[in-house]
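Given next are the chains, with one letter for each unit.
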Amino acid sequence: DQSGLAYSVGTTLDRFIKLKQSDFPFASGELSQLLRDIALASKIVNRETNRAGLSNIGGAFGQTNVQGEEQQKLDVIANIRFIRALSKGGEVCAIVSEEEDAVIDLNNKSGKYVVAIDPLDGSSNIDVNISIGTIFSIYRRKTPVGSPILEEDIMQQGTEQVASGYVLYGSSTMLVYTTGFGVNGFTYEHSLGEFFLSHPMIKAPESGSIYSINEGTQEDWNPGIKEYIDDCKVKKYSARYIGSLVADFHRNLLKGGIYIYPATKKNPNGKLRLMYEANALAFIAEQAGAVATDGNKRILEIQPTSLHQRTPLLIGSKNMVAEALQFSNKTEFST
Ligand code: P6P
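Residues numbered from 1 in each chain as written. Predicted model: local features only at pLDDT ≥ 70, side-chain atom pairs only at ≥ 80, totals over all residues. Heavy atoms only, no water.

Trainee: Teacher, can you tell me more about helix α7 (residues 245-255) here?
Mentor: Residues spaced three or four apart along an α-helix point in a common direction, a consequence of the helix completing one turn every 3.6 residues. With nine of 11 residues buried, α7 is to be regarded as a mostly interior element. For α7, the full list of buried residues reads Leu245, Val246, Ala247, Asp248, Phe249, His250, Arg251, Asn252 and Leu253. Phi for glycine 256, located one or two positions after α7, is positive at around 90°. (Buried < 20%, exposed > 50% of the residue type's maximum accessible area, 1.4 Å probe, protein only. Helix = DSSP H or I, 4+ residues; strand = E, 2+ residues; numbered from the N terminus.)

Trainee: Help me out: how do you make sense of the side chain of threonine 173 in this one?
Mentor: Structurally, the position occupied by threonine 173 is in strand β6 (residues 173-178). We classify threonine 173 as buried; its relative accessible area is 2%. At 2.5 Å, the side chain of threonine 173 forms a polar contact with the side chain of asparagine 46. Ignoring sequence-local partners within four residues, the contact set of threonine 173 consists of Asn46, Val167, Leu168, Phe186, Thr187, Tyr188 and Phe195. (Polar contact = N/O pair within 3.5 Å; in protein donor to acceptor, adjacent residues only side chain to side chain. Contact = heavy atoms within 4.5 Å.)

Trainee: I would appreciate a short explanation of the pairing of strand β3 (residues 113-121) in the present structure.
Mentor: Successive residues of a regular strand alternate their side chains across the two faces of the sheet. Among the nine residues that make up β3, nine are buried, leaving the element largely enclosed by the rest of the structure. Relative to β3, strand β1 (residues 92-97) runs parallel, the two being bridged by five bridges. Residue valine 92 lies in a different strand from β3, and its bridge partner there is tyrosine 113. Here β3 runs beside strand β4 (residues 132-140); their pairing, made up of seven bridges, is antiparallel. Its bridge partner lying in β4, tyrosine 113 is registered against arginine 140. (Pairing = 2+ DSSP bridges.)

Trainee: I'm lost on the UniProt feature "binding site: Mg(2+) 2" (unreviewed entry) in the protein in this one. Help?
Mentor: Mapped onto this numbering, the UniProt entry gives "binding site: Mg(2+) 2" (unreviewed entry) at Asp118, Asp121 and Glu277. The named residues occupy 160 residues along the chain; their greatest pairwise C-alpha distance, 8.6 Å, places them in one compact cluster. Lining residues of the second largest pocket drawn from the annotated set just named are Asp118, Asp121 and Glu277. Here aspartate 118 lies in strand β3. Those residues in contact with aspartate 118 that sit more than four places away from it in its chain are Glu98, Gly133, Thr134, Ile135, Tyr276 and Glu277. With sequence-adjacent residues up to four places away left out, aspartate 121 is seen in contact with Ile132, Gly133, Ile135, Ser244, Leu245, Val246 and Glu277. (UniProt positions renumbered as here; feature names shortened; annotations may be inferred. 1 Å grid on protein atoms, 1.4 Å probe; cavity = no way out; pocket = protein on both sides within 12 Å on 5 of 7 lines; lining within 4 Å.)

Trainee: How should the UniProt feature "binding site: substrate" (unreviewed entry) in the protein be read in this particular structure?
Mentor: Those residues carrying the UniProt feature "binding site: substrate" (unreviewed entry) are Asp121, Gly122, Ser123, Ser124, Asn214, Tyr241 and Lys271 in this numbering. Here, the second largest pocket is lined by Asp121, Gly122, Ser123, Ser124, Asn214, Tyr241 and Lys271 out of the annotated residues. Its location among the elements puts serine 123 in the loop between β3 and β4. Not counting residues up to four positions away in its chain, the partners in contact with serine 123 are Asp75 and Ile132. Note on placement: serine 124 falls in the loop between β3 and β4.

Spelled out as structure tokens, the structure:
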């Protein structure tokens, strides 16, 4: 079984993708190529992210772009990089991006895949050097050819994802993704420009003692959430909230924990986006033995009705989410 070789130490992402292609009996390599295109774009964004602070120093470091233009915001740059890589890669027919109001139709009639992406989430953290991330979901188009149809090809619910993942630009840069056969993490080695398998078959601890929520919005929470968080404090759990979803999610995935962004007065449907944040992380969570809900149903079973719709999100160790929902049984989580 070739795919067994995939997990040997030192496997590069390219080799892993190739070896795991056998998971897809009818694979003709398009999804593999699409994953490589995403990895390539993430290497470019990683480089831009690492030198973001320098770009304002101007000519002294040769960091201003040759046109001397105003340095664009990193999330704008990341959006351009991912769109360009996916467009050039030839496997994608449409992109839903956090940075774009409308669907981007790549006019690629033979592209089999639709990608929903948050090119750089938490970009407000960039200026203060806090970890940030890219989050992506991959769907196969439902209509056979021609321009993608919004309702059929784009607005698919999370259970239809063929792959999803995130890139965490942190103390190290990691790519973590699933194609429905488990979750694998790759760490970027800058000197070689390669991602190496570092976290094979990630399994989320079923319980944990870390909770991530913005306590500053406490007065807005549903009573059930308030009671759950109070219970976490009685149990002396640790409060860890980085303010960057990918960083909080990744830590909780590895160590056990729960991340909650509930409905609040300011964000009555929650703040996080269903199509390119919640769904992607929910697929990863479930593949790692964790869970993701809006307080009433599985995130993956929410039928999207608009591209940028928001959803309340409770995601992490299954016993912690279950505990949180027990409190909600006393009071409904509003969605
Ligand atoms: P708040 C960043 O803006 C983000 O989308 C997530 O990465 C993060 O978890 C959340 O919003 C932080 O939101 O309202 O707590 O500042």
